[in-house]
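Take a look at the letters that make up each chain.
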Amino acid sequence: MKAVKFGGTSMSTIESIERVKSIITSDRERRFVVVSAPGKADGYPKVTDMLIAVADKEPELRAEAFLPVMRRFEELCGGLLANKDYLRQDFEQIIEKLPTASADYIISRGEYLCAKLLAAVLGYDFVDACELIKFRDGVFDDDYTQSVCKLALSGYKRAVIPGFYGSDASGDIVTFTRGGSDVSGAIVARAVNASLYENFTDVDGFMTCDPRIAPHATIIDVLTYKELRELAYMGANVLHPDSIFPVRRANIPIHILNTFNPDSEGTKIVPTEAFLNGEYKRKNKRPITAIAGKKDFFSLHIDKSMMNAEVGFARRVLNCFEKLNIPIEHIPSGIDSMTVVFSAVDGKTANELVEAVQKEVNPDHISLSTDLALIAIVGHGMVSRPGTAARAISRLSNADINLRMIDQGASEINIILGVSNDDFERALKALNGEFEV
């Protein structure tokens, strides 16, 4: 049995939804389907963006602002069902609630209406996500959700479920962050004990590098959970980074597929231990799996003689970050130096951080850099192939790119390189060229 998720582009037009129907009905194992709200199409923006605009209106203006959303779904119904007014009762209920509705409720209605429509197209049952996915104090409650979801879905042979939202103990709608339908699909896959979680989108899978920067990047056929986490964190956004946690607990593979290119083999994301034990093989024997990166990090560099002899020095520095609620990315260090890399903050917070660290540890020198880009070289193959870091450094040197930081993770599946923002694209292209074979 398979759980299947379709993204917004797949659900955006009459033609794409008909394609989705064909994909689902071509495999009887595809029994539980999760959908996003329709994406951009035919002059329309994304439905979720339309609904955000509705939520931002004054209460008395929301009903009028909702009309374009209603018309879009009416057009879809008219092209897919015999009854153009199939969702009329749902529209009326939504409009009635709009003046007092929460933003989460309003924004979630794209997935709700889309799932109801697809259920009718397929002849499947519709199951509202608010009955399945539970939040506590605004935070997803994994254990409770699993118990509720397993019990509720055990009564269905085939069902369509809206992604992106659930409900709290009061029954109020709570949404995930954008892209959260991937998480919903993974939750459903685990709850029904699926053999595979298929995630259909509008790309062929994960690439070895951003193809907009490195045109020769290729599709990765097999990726492990650990590699995915590293790449997703560094900006490879084919899949919501939190979506692997539900299926990883149950060792359920994820298959990224393209709704619009059925001949593509896609990317399989598999349990790390199963891959390391040889259950899955990659076609490409590159020493690395992929390269990804992001711009606009800050780095705080601290120098102090005999730093290593000061017990608690690092703790006191990091406590300054904690007090200012600044998450930390990397901490490369030496005997008398320490660098803390973190995501960009506003100028006021950055100044407060420098002042706090200066006061706390009285360094010999402290400096803040604000134009750092990080690049992750990721892959299990690096463990058995010596010289990967040397090749990367040499490649950047030959491309006249200054390396500002290097940090290797304890897991030995990633090397983090720091370059200036201005050198970011050239560095990605150079590194992908070095590790093409």
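This text follows the structure it describes.
Residues numbered from 1 in each chain as written. Predicted model: local features only at pLDDT ≥ 70, side-chain atom pairs only at ≥ 80, totals over all residues. Heavy atoms only, no water.

**Student:** Mind showing me how you'd approach the nonpolar core here?
**Tutor:** As a rule of thumb, nonpolar side chains are buried together in soluble globular proteins. Counting 96 residues, the largest nonpolar core has Phe-6, Phe-66 and Leu-118 as the members making the most contacts within it. Look past the residues within four positions of Leu-118 in its chain and what remains in contact with it is Met-11, Ile-17, Val-20, Ile-24, Val-33, Val-35 and Val-160. Formed by 21 residues, the second largest nonpolar core is a distinct cluster that contains Ile-375, Val-419, Leu-431 and Phe-435. (Core = buried A, V, L, I, M, F, W, Y, C linked by side-chain atoms within 4.5 Å. Buried < 20%, exposed > 50% of the residue type's maximum accessible area, 1.4 Å probe, protein only. Contact = heavy atoms within 4.5 Å.)

**Student:** Help me understand the pairing of strand E16 (residues 365–378) in this model?
**Tutor:** Successive residues of a regular strand alternate their side chains across the two faces of the sheet. Alignment of strand E13 (residues 290–303) against E16, held across eleven bridges, turns out to be antiparallel. In the sheet register, Asp-303 faces E16, and the bridge partner there is His-365. In the sheet, E16 pairs with strand E18 (residues 414–420) via seven bridges, with the strands oriented antiparallel. Residue pairing in the sheet places Ile-377 in a bridge with Ile-415 of E18. (Pairing = 2+ DSSP bridges. Helix = DSSP H or I, 4+ residues; strand = E, 2+ residues; numbered from the N terminus.)

**Student:** Mind showing me how you'd approach the side chain of Thr-388 here?
**Tutor:** With respect to the helices, strands and loops of the structure, Thr-388 is situated in helix H13 (residues 388–398). Setting aside residues no more than four positions away along its own chain, Thr-388 makes contact with Ile-288, Met-382, Ile-415 and Phe-435.

**Student:** Hey, could you run me through the sheet that holds strand E17 (residues 405–408) in this one?
**Tutor:** Either a parallel or an antiparallel arrangement is found when strands of a sheet pair, and the pairing is made through backbone hydrogen bonds. Taken in spatial order, the six strands line up as E14-E15-E13-E16-E18-E17 in an open sheet, and their pairing is antiparallel. The two strands at the open ends of the sheet, each matched to only one other strand, are strand E14 (328–330) and E17. Taking the axes of each pair of neighbouring strands and ignoring which way they run, one obtains an average angle of 40 degrees across the sheet. Where H13 meets the sheet, its contacts fall on E16, E17 and E18, and the angle it forms with E18 comes to roughly 15 degrees. (Axes fitted to C-alpha atoms, helices over the stretch in contact; angles between N-to-C directions.)

**Student:** What exactly am I supposed to notice about helix H4 (residues 88–97) here?
**Tutor:** Each turn of an α-helix holds 3.6 residues, which means side chains three or four residues apart point in the same direction. Listed in full, the buried residues belonging to H4 are Asp-90, Phe-91 and Ile-94. Buried residues of H4, seen end-on, are gathered within an arc of 100 degrees and therefore sit on one face of the element. In H4, the exposed residues that point more than 90 degrees away from the buried face are Gln-89 and Glu-96. Turning to H4, the residues buried within the fold contact helix H3 (62–80) and helix H5 (103–122). (Arc of directions from axis to C-beta.)

**Student:** How should I be thinking about the packing of H3 against H5 in this particular structure?
**Tutor:** A pair of packed helices is captured by two measures, namely the crossing angle of their axes and the spacing between those axes. Axis separation between H3 and H5 bottoms out at 11 Å; the angle between their running directions is 15 degrees. In terms of axis orientation, H3 runs roughly parallel to H5. For the element pair H3 and H5, the recorded crossing hand is right-handed. Residues Arg-62, Phe-66, Phe-73, Leu-76, Cys-77 and Leu-80 of H3 touch H5, and the partners they reach there are Ile-106, Gly-110, Leu-113, Cys-114, Leu-117 and Val-121. Across the contact of H3 with H5, the residue classes tally to ten nonpolar, one polar and one charged. (Parallel < 35°, antiparallel > 145°, perpendicular 65-115°, else oblique. Left-handed = near helix turned anticlockwise from the far one by under 90°. Nonpolar A, V, L, I, M, F, W, Y, C, P; charged D, E, K, R; others polar.)

**Student:** Help me understand unusual backbone geometry in this model?
**Tutor:** Residues apart from glycine generally show negative phi values, whereas peptide bonds are mostly found in trans. Positive phi values are uncommon outside glycine, yet Asn-251 reaches one of about 55 degrees. A positive phi angle, close to 65 degrees, is found at Asp-296, a residue other than glycine. With respect to the helices and strands, the residue Asp-296 is situated in strand E13. Looking at Asp-296, the relative accessible area reads 45%, which means it is partly exposed.

**Student:** Even after reading the chapter, I still don't get a negative patch on the surface, so can you show me in this structure?
**Tutor:** Together, Glu-15, Glu-18, Asp-42 and Glu-75 make up a negatively charged patch on the protein surface. Taking the relative accessible area as the measure of exposure, Asp-42 reaches 70% and is therefore exposed. (Patch = residues over 30% accessible without salt bridge, like charges linked within 9 Å, V, L, I, M, F, W, Y side chains within 5 Å. Areas by Shrake-Rupley, 256 points an atom, 1.4 Å probe, with all protein chains shown as cover. Salt bridge = Lys/Arg side-chain N within 4 Å of Asp/Glu carboxyl O. Lys, Arg positive; Asp, Glu negative; His and termini not counted. Charge placed at Lys NZ, Arg CZ, Asp CG, Glu CD.)

**Student:** Mind showing me how you'd approach the side chain of Asp-90 here?
**Tutor:** Relative to the helices and strands, Asp-90 is located in helix H4. Residues within four places of Asp-90 in sequence aside, it is in contact with Tyr-112, Leu-113 and Lys-116.

**Student:** What's the story with the environment of Phe-164 in this structure? I'm lost.
**Tutor:** Here Phe-164 lies in the loop between strand E6 (159–162) and strand E7 (165–167). Phe-164 sits in the buried class, given a relative accessible area of 5%. Taking the C-alpha atoms as reference points, Phe-164 and Lys-97, separated by 67 residues in sequence, lie 20 Å from one another. Beyond its immediate chain neighbours, meaning those up to four positions away, Phe-164 contacts Ile-107, Glu-111, Val-174, Thr-175, Phe-176, Thr-177, Arg-178, Gly-180, Ser-181 and Ser-184.

**Student:** Would you mind going over the packing of helix H1 (residues 14–25) against H5 with me for this structure?
**Tutor:** Where H1 contacts H5, the two axes come as close as 11 Å, and the packing angle between them is 55 degrees. The orientation of H1 with respect to H5, classified from their angle, is oblique. Seen along the crossing, H1 lies across H5 with a hand that is right-handed. Across from Ile-17, Val-20, Lys-21, Ile-24 and Thr-25 in H1, the residues of H5 making contact are Leu-117, Leu-118, Val-121 and Leu-122. Residues belonging to the contact of H1 with H5 are distributed by class as follows: seven nonpolar, one polar and one charged.

**Student:** How should I be thinking about the state of the cysteines in this particular structure?
**Tutor:** By definition, a disulfide links the sulfur atoms of two cysteine residues through a covalent bond. Per the stated rule, a full pass over the model turns up zero disulfides. A disulfide-free cysteine, Cys-149 has its sulfur positioned 12 Å from the sulfur of Cys-130, the nearest such atom. (Disulfide = S-S within 2.5 Å.)

**Student:** Got a minute to help me understand helix H2 (residues 47–56) in this structure?
**Tutor:** Every buried residue of H2 is listed here: Val-47, Thr-48, Met-50, Leu-51, Val-54 and Ala-55. Angular distribution of buried residues about the axis of H2 spans 155 degrees; they occupy a single face of the element. Elements in contact with the buried residues of H2: H3 and H5.

Note that all results are geometric; they support no functional claim without further evidence.
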